[in-house]
Amino acid sequence: MSAPDVTALLTELERSEPDLADDARTAVEWLTGGEPLETVTQLDVCEFLWYTLPLKVGGDHERLARALGKLLTLGGLDRYAALCESATTLQILRAYARDGEDAGTAAYQEALEATGVLPPDVADLRWSMIMGPEELGAHVACSAALELAILSGEDIDRVALTRRWLTEPRTELGGDSWLNRVHGERLNRWVLGRGPARRELAQPFEVRLHAPIAPQPLPALHRLLSLAASESLPLRLAPSPEALHLRELAELDLGALLRDGARLTITDEGRRLLDSPEELWAAATGLLLARPEHEFDVSVREAALILLADGSVMSPRELHTRVAEIVGGEGWQPATGRENVARPLTGLVGQLTALDLAFGDDLVVRLTPAGHLAALAALRAHALRPRQYVSPG
């Protein structure tokens, strides 16, 4: 069966309901963006009706939705036409009109989740709010697969189906997978970040970070949690600055230890990490580039990790100077002052040494073999993070 032709459908609508033809033309142009009507999915229709229409299209929104429904009915797309005239669409459009954008958007998000065609986050990929072309293509393809599965009457596991659709080699991608495409796109965007010095430094990592980094043992942290699991630890257990830092890291940053009077006990989160070396590794390496109070701190830590992961052995002064040059080239002003760079840099080196991932003293800072992999793991997780809108303030 040939796909419905929009021009022919509009001509037919002009004959049957001429008062709706112009509205239908406006709506379908916004919906399809000039692409064939056969490419439209349920997700496309829902996002148009519940988000694009009330926020970006002028005119009588209920009338525009109704006109689009008439056009889709003529084209044999009855399921999509029903969405145009549904009580849900009417309620969402009126929420925007009556209660404002925030209320309308909240109603839209709730209704969209209820459709079942919105691809969920999976272990390998959390979807961005701002998608590049590859990620958008993956999102649309996964949504279409979910829609088809729902129509077939399957009792589906949305997470499992989405992960399978993302990771399986696809003929239309020349044997590549959507997950590879999205990761490649995010890595490329990360490399092309602020500043020529940072860009040149990060360039070799675009390939090095594509494959996952194998988790490594963290003996010092594992030993601390194991001791806490078998018997509570005295708070004064700090034979060295590194041991004290490790205890604070486990308690304050990981939430793995809890103060109980004069002692420390393991928390449920601590037991979860203790039971899974992979989760322990992910949590510990995640701290190296966890978002602190200011994005500047992330830039400092990231630059230092790139330098150290490249095999550099530097004195603390040399590391500070190189990091300051890199973040200065990213446009941070006046935040490149010596004391501003020193604070996040000292914090990073302290975490690395506490976890036995680096040797750091007054003479040299150098990663251990496990520390090298930890730096790569932290950089990879940071580069592949979903792209979100920045909230003002």
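Above this text sits the structure in question.
As a convention, each chain's residues are numbered from 1 in the sequence order in which they are written. Where local features are concerned, this predicted model is filtered to residues with pLDDT of at least 70; where side-chain atom pairs are given and counted, the filter is 80 or more; whole-chain, interface and lining totals use all residues. To get the side-chain values, take all heavy atoms of the structure and skip hydrogens and water.

Trainee: Could you give an account of the sheet that holds strand β2 (residues 257-260), with specific residues and numbers?
Mentor: Any two strands between which DSSP finds at least two bridges are classified as paired. Secondary structure elements are taken from DSSP: a helix is a run of H or I of four residues or more, a strand is a run of E of two residues or more, and numbering for both begins at the N terminus. Ordered by their spatial adjacency, three strands build an open sheet running β1-β3-β2, and the pairing between neighbours is antiparallel. On the outer flanks of this sheet lie β1 (233-234) and β2, each paired with one strand and no other. Bridging between β1 and strand β3 (residues 263-266) involves two bridges; their strand directions are antiparallel. By the bridge assignment, leucine 233 is partnered in β3 with leucine 264. Helix α14 (residues 241-253) rests against β2 and β3 of the sheet, and its axis sits at about 95° to β2. Only heavy atoms matter for contacts: two residues are in contact if any of them lie within 4.5 Å across the pair. Only the stretch in contact is used when fitting a helix axis, every axis being a line fitted to C-alpha atoms; angles between N-to-C directions are given from 0 to 180 degrees.

Trainee: Tell me about the pairing of β3, and name the residues and values.
Mentor: Per-residue accessibility, obtained with a 1.4 Å probe over protein chains only, is compared with the maximum for each type, and a residue is labelled buried under 20%, exposed over 50%, and partly exposed between these values. Here β3 shows a buried face lined by Leu264 and Ile266 and an unburied face lined by Arg263 and Thr265. Here β2 runs beside β3; their pairing, made up of four bridges, is antiparallel. By the bridge assignment, leucine 257 is partnered in β3 with isoleucine 266.

Trainee: So what about the pattern of salt bridges? Which residues, and what values?
Mentor: Between Lys or Arg on one side and Asp or Glu on the other, a salt bridge is scored when a side-chain nitrogen of the former is within 4 Å of a carboxyl oxygen of the latter. Under the criterion given, the structure shown has 21 salt bridges. The salt bridge partner of arginine 94 is glutamate 62, with a shortest N-O separation of 3.0 Å. Residue arginine 94 is found in helix α6 (residues 87-99), and its partner glutamate 62 is found in helix α4 (residues 61-74); the two are separated by 32 residues along the sequence. The exposure class of arginine 94 is partly exposed, given its relative accessible area of 40%. We classify glutamate 62 as partly exposed; its relative accessible area is 28%.

Trainee: Go over the packing of helix α13 (residues 219-230) against helix α15 (residues 268-275), please, and point to the residues and values.
Mentor: Two elements in contact, α13 and α15, have axes whose closest approach is 10 Å; the angle formed by their N-to-C orientations is 125°. With respect to each other, α13 and α15 are oriented oblique. In this structure, α13 crosses over α15, and the sense of that crossing is left-handed. Residue-level contacts link His222, Leu225, Ser226 and Ala229 of α13 to Gly270, Arg271, Leu273 and Leu274 of α15. The cut-offs work like this: below 35 degrees is roughly parallel, past 145 is roughly antiparallel, 65 to 115 is roughly perpendicular, and the gaps in between are oblique. Definitions for this section: a left-handed crossing has its near helix turned counterclockwise from the far helix by less than a right angle. A right-handed crossing has that turn clockwise.

Trainee: Lay out the environment of alanine 283 with the relevant residues and their values.
Mentor: Secondary-structure assignment places alanine 283 in helix α16 (residues 277-287). Classification of alanine 283 as partly exposed rests on a relative accessible area of 22%. Measuring from C-alpha to C-alpha, the distance between alanine 283 and leucine 273 comes to 8.1 Å, with 10 residues separating the pair along the chain. Setting aside anything within four residues of it in sequence, one finds alanine 283 in contact with Leu254 and Leu273.

It is worth stressing that arrangement in space is one thing and function is another; only the former is reported here.
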